[in-house]
Amino acid sequence: MSVKKVATNQPEFFQFSDENLNKAKKIINKYPEKKQSSALMPLLFLVQKQNENWIPLVAMKYLAKMLDIPYIQVYEVATFYSMYNLSPVGKYFVQVCTTTPCMISGAGKLVEVCKNKISQNQNELSANKICSWMEVECLGACVNAPMLQINDDYFEDLDKEKTEEIIDMILNDKSPKAGSYKNRKSSEPESGRTTLINLKDA
Amino acid sequence: MPKITVNEKKIEFEEGLTVLQVCELAGAEIPRFCYHEKLSIAGNCRMCLVEIEKSPKPIASCAMPATDGMVVKTNTPFVEKARKGMMEFLLANHPLDCPVCDQGGECDLQDQSLYYGFDHSRFTENKRQVKEKYMGPLIKTEMTRCIHCTRCIRFATEVAGIPELGAIGRGEDMEITTYLEKSMDSELSANVIDLCPVGALTSKPYAFEARPWDLKKTESIDVMDAVGSNIRIDTYGWEVKRVLPKINEDINDEWISDKTRYACDGLLKQRLDTPYIRENGKLIQTSWTKALKKIVKKLNNTKPEEIAGIVGDLVDMESMFIFKEFFNKILTSSNLECRTKKTYLNPKNRMNYIFNSSINGIEQCDLMLLVGTNPRSEATILNARIRKTYVENDIEIFSIGNPGDLTYPYKIIGSNTQVLKEIIDEKHEISDKFKQSKKPIVIIGESALKNDYGEYVFESIKNYLIKNNHITNEWNALNILTQNASRVGAVDLGLYKLNKKDNFPILNKLDTNEFKILYLLGADELRFNKKNEFIIYQGSHGDLGAQIADVILPSPTYTEKDGHFINLEGRIQKAFKASYPPGDAKEDWDIINQLSKALGKTLNINSRKELEERLINSSSIHSKIGEIVKSKVDTNETQEFSFVNSKIEIDFVDYYFSNHIARSSMTMNECRSIKNKLLSTGTKG
């Protein structure tokens, strides 16, 4: 796991959008009286979604005040979990799986593409500051290896060319199609289903 | 009672203890780093591993509740191997920089690795390196040495009530820090230095000053506030190097406040080491004979009524005793006063000016009312006890007046004497709570006893509590929070003057400049306009008192003489001499004795021992060192009073600057400026 670094350039202000504020209130209400601090983790995630995939310090203060807990408690949680980003990662955050099944299916080529197209090093913004990439441990889509994740979506069954296509699209601020790039339905066999053929939505 | 077997020895134990505690009862020593009696259990250092029958793995005894019939072994090869393994893990990332570490000689890790560790390490990889963290002007950090016991985090969150410390990151990257490396905003912060079992958190002012085995240790009493914390003074030569807490469960547990600990560098600065005389508006050095001669000349030409003596905040009982004898017998004057502010005093009964519930007794209370007091800055250790009671028993706390952040929640019910009247007339919601409460506590601060409303506040609360049966021999809810170490003792000895109409005649006369000679015994807090008074200042520091003085007589501070102090509960304790006063300074009793002789009279006190005996024999209260002598409650003794409508304002107590020693201390100066910066920039939150 990489060491988490807090960004030096911090925004001065953060506030939930009206829509997210409603969501936040719903999340907080799920927890019993005096245990509202438990809502911290989903709220941090909500901040990350609203703020281009990263959590600034003002947002941590904002949450601490919202939940009436000490700042340090928010800071501890945010630094503990690897999936909270504490510095800008761009609008498109690319995570390439390099654990064994993906690795033997050619994840190295995906990493190469990222290095060439986005940035030489991990956790570094692309020239137009729109995206960054990092290697991560297993994302749980081994059957569709090699794969990568961009924000909330999985892009599966990739090879060098397809990855280049995807990366080119996001670099131009266009959303590529998510899912399998061998036209598989989720993780069914490439040549079609061999069992449960009669069930349409199995 | 359930039974347990520890190393083939059977013992009984109380339900609710952990295996570690039971093992200690049985006399089996168990090494530990993270476990601490006064803090919650973390169980993360794994050093306290023991073998428990039927368990295949060693068990962390600090987190394991003891149950009936357990068979525990602490001295088997299995346990030894487990401990050695743990110690090797702890040392894997610990820099072996003991020769340059301030903790050396009093380090838990050093001691325990000697007894429970390997003689060499098998770890050949790179050790981790952690950046130093800023934690304020008192705490020096060397975070590479940290073993992540989290004692400091638990102390800050649980005892000090300032959740500012935390562990960020995880695994090998875990680091202890304050939020964004801000200074810790607590008056108890430096206790984490004592708690740290390694050299990660050490004392900044004491950095590289001395080694623990070079220091002479003297157990003594603190005088920075009226709590009377038990301390250990460490001296190197004659210099006080540091002050540490000494455990006393009845007073300070094992904590002391930052002022107690770090004002000691003020003992070296601004000291008066020779007598001074003011000539042509300038203070010039002189000899004892000349100084005394000048005083004698003045005293002989002045009527006794025109001489007044004011006693300061840090004066010991012996000095006050002989000061009073000197005034009464030699000067034949009764103009003595221990109050430097106009606070109401009713000395008819001892319970009228002490903290009757006792500091330990706070833990039993079920309802608390603070009247015009900010215990956090007036008596930090007592505030920690209130917080402990709040955390453990979840008591309701109310306040008249706004004291600011006290580290626990409370409700302000008003800041006017009108609210008090409503409570007493049983028109307020609190009145019912007082009726139902079995052990309430009312704490009256000095701010509530000020000026014209002091009498009403005190007498009405006392009457109300008597009426509701809250002042009995079993439980006394009436508590006065005094701020000065010498106050209770001074009142016990009778160093005050009052008459029926006027509660502070001396201070009033001082305002109208009616005295010709003022004798200040360490009194620096006096605020008045000097006109033609001849002022004699006898004290240790060149502070506010010495600035206005015409003659200065240098005397030692609390670390440089033996002396008794009575704390706010009325508990008499003895402070011991740890070092020597500088230059020509003489002990207070000696100065007064010589002055008497120069006047051609004598007090018949020839040695300090004689003085101490006379003091102790003067009253039955003074003979039981370390105990509270409970005086009988007299509920018939009441006084008339009339309602005064006024706002109760809590005076701001400049915590880091509250007496002449603290004002002379560089460390306290630094703490104060950082605190003021925090307040002015609003970065506190």
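**Here we look at the overall build of chain B**
Next, step 1: When its secondary structure is counted, chain B shows 20 helices and 26 strands.
Next, step 2: For a compact globule of 685 residues, the expected C-alpha radius of gyration is about 26 Å, and chain B comes in at 28 Å, within 12% of that figure.
Next, step 3: When the backbone C-alpha atoms are referred to their principal axes, chain B occupies close to 90 × 65 × 55 Å.
Next, step 4: Here chain B holds 685 residues, and 60% of them are scored as buried.
Next, step 5: Summed over its atoms, the accessible surface of chain B is roughly 28500 Å², and 49% of this surface lies on carbon and sulfur atoms.
Next, step 6: Mean positive and mean negative side-chain charge positions of chain B (92 and 96 charges, respectively) differ by 3 Å.

**Considering the pattern of salt bridges**
Next, step 1: Going through the model one piece at a time under the given rule, you end up with 57 salt bridges over all chains.
Next, step 2: Of the charged contacts, one joins Glu190(A) and Lys182(A) as a salt bridge, the two residues approaching to 3.7 Å between their closest N and O atoms.
Next, step 3: The class for Glu190(A) is exposed, based on a relative accessible area of 56%.
Next, step 4: With a relative accessible area of 41%, Lys182(A) lands in the partly exposed category.
Next, step 5: For Lys574(B), the salt bridge identified is with Glu612(B), shortest N-O distance 3.1 Å. With a gap of 38 residues between them, Lys574(B) in strand E26 (residues 572-575) and Glu612(B) in helix H18 (residues 608-617) connect regions that are remote in the sequence. Neither Lys574(B) nor Glu612(B) differs from the other in exposure class; each is buried.
Next, step 6: When salt bridges with common partners are traced through the structure, they connect Lys38(B), Glu249(B), Asp253(B), Glu363(B), Arg385(B) and Lys388(B) into a single cluster.

**Structural notes on the sheet that holds strand E2 (residues 131-136) of chain A**
All names here are of chain A.
Next, step 1: Strands sit in the order E2-E1-E3-E4-E5 across an open sheet of five strands; the sheet is mixed. Each edge of the open sheet is held by one strand with a lone partner, namely E2 and strand E5 (179-180).
Next, step 2: Of the pairings in the sheet, the one linking strand E4 (residues 153-156) to E5 comprises two bridges and is parallel in character. Looking at E5, one finds that Glu156 is bridged to Ser180.

**Quick look at unusual backbone geometry**
Residue and element names in this part refer to chain A.
Next, step 1: Look at the link from Ala145 to Pro146: it is a cis peptide, with omega at -10°.
Next, step 2: Relative to the helices and strands, Pro146 resides in the loop between E2 and strand E3 (148-150).
Next, step 3: In this model, Asn183 sits at a positive phi of 55°, which is unusual for a non-glycine residue.
Next, step 4: As for its placement among the helices and strands, Asn183 is situated in the segment after E5.
Next, step 5: Residue classification places Asn183 among the exposed positions, given a relative accessible area of 70%.

**Quick word on the domain arrangement of chain A**
Next, step 1: Segmentation of chain A into domains returns domain 1 (18-80) and domain 2 (92-180).
Next, step 2: Placing the centre of domain 1 of chain A and that of domain 2 of chain A at their C-alpha centroids yields a distance of 29 Å.

**A look at the interface of chain B and chain A**
Next, step 1: Counting from both sides, the interface comprises 14 residues of chain B and, opposite them, 14 residues of chain A.
Next, step 2: Roughly 1300 Å² is buried in total at the junction of chain B and chain A, and carbon and sulfur atoms are behind 64% of that figure.
Next, step 3: Of all residues in chain B, the largest losses of buried area upon contact with chain A belong to Ile168(B), Arg170(B) and Tyr179(B), amounting jointly to 48% of the total for that side.
Next, step 4: Counting every contact that joins chain B to chain A gives three residue pairs in polar contact (both at pLDDT 80 or more).
Next, step 5: Contributing elements (two or more residues each) for the side of chain B that touches chain A: strand E7 (165-168) and strand E8 (175-178) of chain B.
Next, step 6: Among the elements that make up the side of chain B that touches chain A, the one with the highest residue count is E7(B) (four residues).
Next, step 7: Of the residues contributing to the side of chain B that touches chain A, the split by class is six nonpolar, five polar and three charged.

**Re the packing of helix H3 (residues 57-67) of chain A against helix H4 (residues 71-80) of chain A**
Between two packed helices, what matters for the description is the angle formed by their axes and the separation of those axes.
All names here are of chain A.
Next, step 1: In contact at an axis separation of 8 Å, H3 and H4 are set at 125° when each is read in the N-to-C sense. As the angle between them shows, H3 and H4 are arranged oblique. Crossing angle aside, the handedness with which H3 passes H4 is right-handed. Facing H3, whose interface residues are Leu57, Met60, Lys61, Ala64 and Lys65, H4 presents Tyr71, Val74, Tyr75 and Ala78.
Next, step 2: For the contact of H3 with H4, the residue count by class is seven nonpolar, no polar and two charged.

**Some points on the environment of Leu110(A)**
All names here are of chain A.
Next, step 1: You can see Leu110 is positioned in helix H6 (residues 107-117).
Next, step 2: Residue Leu110 is classed as buried on the basis of its relative accessible area, which comes to 0%.
Next, step 3: Leu110 sits 43 residues away from Asp153 along the chain, and the two C-alpha atoms are 16 Å apart.
Next, step 4: Once you skip the residues sitting within four places of it in the chain, Leu110 turns out to touch Val96, Pro146, Met147, Leu148, Leu158, Asp159 and Thr163.

**A look at the confidence of the model for chain A**
Next, step 1: Predicted confidence across chain A gives a mean pLDDT of 92, with 98% of residues reaching 70 or more.
Next, step 2: For chain A, the element scoring lowest by mean pLDDT is E5(A), at 92; helix H1 (residues 18-29) of chain A scores highest, at 96.

**Comments concerning the packing of helix H2 (residues 40-50) of chain A against H3(A)**
Residues and elements named next belong to chain A.
Next, step 1: In contact at an axis separation of 11 Å, H2 and H3 are set at 145° when each is read in the N-to-C sense. Every pair of crossing elements has a handedness; the one defined by H2 and H3 is right-handed. Of the residues in H3, those in contact with Leu40, Leu43, Leu44 and Val47 of H2 are Ala59, Leu63, Met66 and Leu67.
Next, step 2: Its residues placed into classes, the contact of H2 with H3 shows eight nonpolar, no polar and no charged.

**Observations regarding the nonpolar core**
All names here are of chain B.
Next, step 1: Core analysis: the largest hydrophobic core is formed by 143 residues, its most contacted members being Met368, Leu382 and Ile444.
Next, step 2: Broken down by element, the residue count for this core peaks at seven residues, all from helix H13 (residues 454-467).
Next, step 3: Ignoring anything within four residues of it in the chain, the contact list for Ile444 reads Val371, Leu449, Val457, Phe458, Ile461, Leu478, Asn479, Ile480 and Leu481.
Next, step 4: Counting residues in hydrophobic clusters, the runner-up holds 46 residues, among them Ala291, Val296, Met317 and Leu331.

**Brief notes about H18(B)**
Given 3.6 residues per helical turn, the α-helix brings residues three or four places apart onto the same face.
All names here are of chain B.
Next, step 1: All of the buried residues in H18 are Arg608, Leu611, Glu612, Leu615 and Ile616. The buried residues of H18 occupy an angular sector of 130° when the element is viewed end-on, so they sit on one face. The exposed set on the far side of H18, more than 90 degrees from its buried face, consists of Lys609 and Asn617.
Next, step 2: Along its buried surface, H18 packs onto helix H8 (317-330), helix H14 (487-493), strand E25 (563-566), E26 and helix H17 (588-598).

**Looking at the packing of aromatic side chains**
Residues and elements named next belong to chain B.
Next, step 1: One pass over the structure, following the stated rule, counts 19 aromatic pairs over all chains.
Next, step 2: Measuring from centroid to centroid gives 5.0 Å for Phe323 and Phe327, while their planes differ by 55°, and the two rings are tilted. Taken together, the residues span about one helical turn, with Phe323 and Phe327 both in helix H8 at a distance of four residues.
Next, step 3: By relative accessible area, which is 0% here, Phe327 ends up buried.
Next, step 4: The interplanar angle of 80° and the centroid separation of 5.1 Å between the aromatic rings of Phe323 and Tyr519 together place this pair among those described as edge-to-face.

**A look at the sheet that holds strand E18 (residues 396-400) of chain B**
Residue and element names in this part refer to chain B.
Next, step 1: Reading across the sheet, the five strands line up as E19-E18-E17-E20-E21 and stay open at both edges, with parallel pairing between neighbours. Each edge of the open sheet is held by one strand with a lone partner, namely strand E19 (411-414) and strand E21 (478-481). Between one strand axis and the next, the sheet turns by 25° as a mean value, whatever way the strands run.
Next, step 2: Bridge analysis of E18 against E19 gives three bridges, and the strand direction is parallel. Directly across from Ile400, in E19, lies its bridge partner Gly414.
Next, step 3: Where helix H11 (residues 417-424) meets the sheet, it contacts strand E17 (367-371), E18 and E19, and its direction lies at approximately 90° from that of E19.

Cut-offs applied
- Residues numbered from 1 in each chain as written.
- Chains lettered and ligands numbered in written order.
- Predicted model: local features only at pLDDT ≥ 70, side-chain atom pairs only at ≥ 80, totals over all residues.
- Heavy atoms only, no water.
- Helix = DSSP H or I, 4+ residues; strand = E, 2+ residues; numbered from the N terminus.
- Rg over C-alpha atoms; globule rule 2.2 N^0.38 Å.
- Buried < 20%, exposed > 50% of the residue type's maximum accessible area, 1.4 Å probe, protein only.
- Areas by Shrake-Rupley, 256 points an atom, 1.4 Å probe, with all protein chains shown as cover.
- Lys, Arg positive; Asp, Glu negative; His and termini not counted.
- Charge placed at Lys NZ, Arg CZ, Asp CG, Glu CD.
- Salt bridge = Lys/Arg side-chain N within 4 Å of Asp/Glu carboxyl O.
- Pairing = 2+ DSSP bridges.
- Domains from an automatic or database assignment.
- Contact = heavy atoms within 4.5 Å.
- Buried area = accessible area lost by both parts, 1.4 Å probe.
- Polar contact = N/O pair within 3.5 Å; in protein donor to acceptor, adjacent residues only side chain to side chain.
- Nonpolar A, V, L, I, M, F, W, Y, C, P; charged D, E, K, R; others polar.
- Axes fitted to C-alpha atoms, helices over the stretch in contact; angles between N-to-C directions.
- Parallel < 35°, antiparallel > 145°, perpendicular 65-115°, else oblique.
- Left-handed = near helix turned anticlockwise from the far one by under 90°.
- pLDDT = per-residue confidence, 0-100.
- Core = buried A, V, L, I, M, F, W, Y, C linked by side-chain atoms within 4.5 Å.
- Arc of directions from axis to C-beta.
- Phe/Tyr/Trp six-rings, centres within 6.5 Å; stacked < 30°, edge-to-face > 60°.

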